[in-house]
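Listed here are the chains, written in short residue letters.
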Amino acid sequence: ITSHHVEALFEIMENTTNEKKNYFGLARGKNVIVIQVESIQNFVVNNKVNGQYITPVLNELIKNNSIYFSNYFEQVAWGNTSDCEFISHTGFYPSIGVYSYKNYENNELITLPSSLQSKGYSTIAFHGNYRYFWNRENIYPVKGIQWFIALDDFDEGEVIGLGLSDGELFRQSIDYLKELPQPFYSFYITVTSHHPYYLPDEYKELKMPEEYQDTVLDNYLQTIRYLDTQIGVFLDLLKKEGLYDNSIIVIYGDHKGLDMRDEKTNEVLSAFLQKPYNEREMYNVPLIIHLPGEDIQKEVLTVGGQIDFFPTMANLLGLPLREDSLFGQDLLNTNNGFVSLAPHVAPGSFIDDEKIFIMANDGIFENSRGWYLATGEAVDLEKCRAGFERALLEISLSEYVMKNNLNVEVNKRGLQYLLEILEDADGE
Ligand code: GP9
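Quick caveat: nothing in here was measured; it's all calculated off a predicted structure.

Some remarks on the side chain of Thr-190
Inspection of the secondary structure puts Thr-190 in the loop between β10 (184-189) and α8 (216-240). With a relative accessible area of 0%, Thr-190 lands in the buried category. A distance of 3.1 Å separates a polar side-chain atom of Thr-190 from the backbone nitrogen of Glu-38. Ignoring anything within four residues of it in the chain, the contact list for Thr-190 reads Ile-35, Gln-36, Val-37, Glu-38, Asp-166, Leu-169, Phe-170 and Leu-227.

Below is the structure:
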């Protein structure tokens with residue numbers, strides 16, 4: 001990386017930032033409840049199987065007092081679920097070396113939870129698996145999460161698949177929430193919809209058509225429907241305990257559940273969606289921000305990714321953030337989406353509001369694929385070169401900041417600070 005590259009990046013970023021801040025501070029001072037859902041993809045939202053809605057609770061939520069980001073994309077690398085946490089909380093890319101939660105465990109970080117903590121919030125995370133999974137126990141304090149409630153802290157309860165069932169996780173968490181000083185930031189990592197999507201029969205609510213019975217799609221949709229039902233139960237509990245009205249509830253998907261590279265999965269998904277199951281569908285996860293009491297019902301179509309979560313939330317919560325200190329952008333204040341995709345396996349891939357570009361496995365630009373989102377028509381690859389370069393540059397710069405433990409400085413001084421460092425290096 002040279003200072004010349006960084007300057008070029010600034011130019012692009014400047015053009016993508018709007019001057020006026022819509023929705024700034026709309027949720028200031030509210031409790032924040034974030035549910036990071038295992039493997040949920042956006043195609044399940046407002047979609048039916050055999051005449052039944054897959055996610056009736058989420059669909060209702062979207063219709064009332066919510067902002068729904070329907071063109072939102074996963075950006076995880078080796079750390080999968082934990083990378084989603086890392087990106088969403090920091091506004092930086094995941095490590096493309098060892099997974100971020102290991103690689104950056106000794107860093108100093110400015111994150112969504114730490115920023116809220118410095119404004120007087122209590123911060124807590126709930127996860128129904130072991131505390132050492134993905135090194136969470138060591139990095140959560142670094143990220144400003146004060147209490148981490150993991151499997152051994154919960155009472156013995158229902159276990160499904162990878163850990164405590166989603167229903168049990170939500171139910172048991174209520175006692176902690178009731179005791180927490182408010183406002184609080186409460187972060188949930190669900191696991192029941194984890195591959196291979198095992199669910200006891202008594203919880204299977206969807207009647208699947210014969211052609212999908214016992215396919216991966218059947219199992220997947222059943223666990224997603226279970227999650228949806230449990231979110232409904234959780235919302236009722238929050239209301240009963242008087243915690244709903246003064247909270248915002250945020251729900252998003254961590255990463256894909258169904259891999260298009262698996263032939264059978266691809267076949268069944270393409271049949272179900274009645275169009276080719278490709279990267280556009282696979283990487284698309286939902287983001288819903290539910291704001292009880294706010295007269296708002298909005299679908300954001302701008303393309304965004306997990307890297308945009310921190311700036312978007314910071315705006316809603318009225319947290320002052322330098323616009324030039326992160327790679328993501330506030331999705332409520334831009335019409336110019338850009339998301340770098342698959343940073344570890346196909347770096348340079350990206351999606352913007354017009355097109356998607358997928359870098360070839362052999363790393364040769366000319367062998368890559370790109371198409372227009374509206375028509376599916378192939379795009380001239382030269383039209384993708386600028387986005388490709390931007391994606392690569394953002395990933396390398398982010399890695400540079402994290403490797404050199406510069407996150408706090410960059411948050412304070414902006415990426416301009418990086419430019420100065422690199423200029424010095426160029427001069428040497
Ligand atoms: C376990 C859970 C699953 O802690 O977060 O992680 P994944 O295997 O999906 O990365």
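The rest of the description comes next.
Here we look at the site of the ligand
Around the ligand, the neighbouring residues are Glu-38, Asn-80, Thr-81, His-127, Phe-133, Trp-134, Arg-136, Leu-162, His-194 and His-255. The side chain of Trp-134 places a nitrogen or oxygen atom 3.2 Å from an oxygen atom of the ligand. Among the residues forming the shell around the ligand, the class breakdown is three nonpolar, five polar and two charged.

Observations concerning the pattern of salt bridges
In this structure the tally under the stated criterion is 23 salt bridges. Salt-bridge contacts for Arg-369 lead to Glu-279; the nearest nitrogen and oxygen are separated by 2.5 Å. Linking Arg-369 in strand β18 (residues 369-372) with Glu-279 in helix α10 (residues 279-282), this pair joins segments that are 90 residues apart in sequence. Taking relative accessible area as the criterion, Arg-369 reaches 40% and is therefore assigned partly exposed. What you see here is one network of salt bridges that share partners, running through Lys-21, Glu-323 and Asp-330.

Focus: the UniProt feature "active site" (unreviewed entry) in the protein chain
Mapped onto the present numbering, the UniProt feature "active site" (unreviewed entry) falls at Thr-81. Within the secondary structure, Thr-81 is located in helix α3 (residues 80-90). Taking relative accessible area as the criterion, Thr-81 reaches 6% and is therefore assigned buried. Beyond its immediate sequence surroundings of up to four residues, Thr-81 is in contact with Gln-36, Glu-38, Trp-134, Arg-136, Ile-189, Asp-254 and His-255.

A closer look at the environment of Phe-310
With respect to the helices and strands, the residue Phe-310 is situated in helix α11 (residues 309-316). Residue classification places Phe-310 among the buried residues on the basis of a relative accessible area of 0%. Along the sequence, Phe-310 and Ile-160 sit 150 residues apart, while their C-alpha atoms lie 31 Å from each other. Beyond its immediate sequence surroundings of up to four residues, Phe-310 is in contact with Ser-88, His-89, Thr-90, Gly-91, Ile-110, Thr-111, Leu-112, Ser-115, Leu-321 and Leu-326.

Comments concerning the sheet that holds strand β16 (residues 350-352)
The sheet built from four strands is open, its strands ordered β15-β16-β17-β18 with antiparallel pairing. Taken across any chain shown, the strands that pair with only one partner, and hence form the sheet edges, are β15 (338-340) and β18. The sheet shows a mean angle of 10° between the axes of neighbouring strands, direction not considered. Pairing of strand β17 (residues 355-358) with β18, which is carried by four bridges, proceeds in the antiparallel orientation. Bridged to Lys-355 within β18 is Tyr-372. This element, helix α12 (residues 385-403), spans β15, β16 and β17 of the sheet and lies at about 60° to β15.

Topic: a negative patch on the surface
A cluster of acidic residues, Glu-420, Glu-423, Asp-424 and Asp-426, forms a negative patch on the protein surface. Take Asp-426: it is sitting in helix α14 (residues 416-427). A residue is classified by how much of its surface remains accessible, and Asp-426, at 38% relative accessible area, is partly exposed.

Quick look at the confidence of the model for the protein chain
Caution applies to low-pLDDT regions: their predicted coordinates should not be interpreted in detail. For the protein chain, per-residue confidence averages 94 on the pLDDT scale, and 96% of positions sit at 70 or higher. Contacts of residues 15-19 to residues separated by more than four positions or lying in other chains number 10 contacts, the stretch itself having pLDDT below 50.

Description of helix α2 (residues 56-63)
Listed as buried for α2 are Leu-58, Asn-59, Leu-61 and Ile-62. Down the axis of α2, the buried side of the element spans an arc of 160°, and every buried residue falls inside it. Its buried side turned inward, α2 meets β3 (52-53), β4 (66-69), α8, β11 (247-253), β12 (287-290) and β13 (297-300). Backbone geometry just downstream of α2 places Asn-65 in the positive-phi region, at approximately 50°.

Points about unusual backbone geometry
Apart from glycine, the bulk of residues carry a negative phi angle, and the bulk of peptide bonds sit in the trans form. Each neighbour pair has its own omega, and for Gln-182 with Pro-183 the value is 0°, a cis peptide bond. The topology assignment puts Pro-183 in the loop between α7 (166-179) and β10. The omega angle of the peptide bond from His-195 to Pro-196 is 10°, so this bond is cis rather than trans. One can find Pro-196 in the loop between β10 and α8.

About the criteria used
Residues numbered from 1 in each chain as written. Predicted model: local features only at pLDDT ≥ 70, side-chain atom pairs only at ≥ 80, totals over all residues. Heavy atoms only, no water. Helix = DSSP H or I, 4+ residues; strand = E, 2+ residues; numbered from the N terminus. Buried < 20%, exposed > 50% of the residue type's maximum accessible area, 1.4 Å probe, protein only. Polar contact = N/O pair within 3.5 Å; in protein donor to acceptor, adjacent residues only side chain to side chain. Contact = heavy atoms within 4.5 Å. Near = heavy atom within 4 Å. Nonpolar A, V, L, I, M, F, W, Y, C, P; charged D, E, K, R; others polar. Salt bridge = Lys/Arg side-chain N within 4 Å of Asp/Glu carboxyl O. UniProt positions renumbered as here; feature names shortened; annotations may be inferred. Pairing = 2+ DSSP bridges. Axes fitted to C-alpha atoms, helices over the stretch in contact; angles between N-to-C directions. Patch = residues over 30% accessible without salt bridge, like charges linked within 9 Å, V, L, I, M, F, W, Y side chains within 5 Å. Areas by Shrake-Rupley, 256 points an atom, 1.4 Å probe, with all protein chains shown as cover. Lys, Arg positive; Asp, Glu negative; His and termini not counted. Charge placed at Lys NZ, Arg CZ, Asp CG, Glu CD. pLDDT = per-residue confidence, 0-100. Arc of directions from axis to C-beta.

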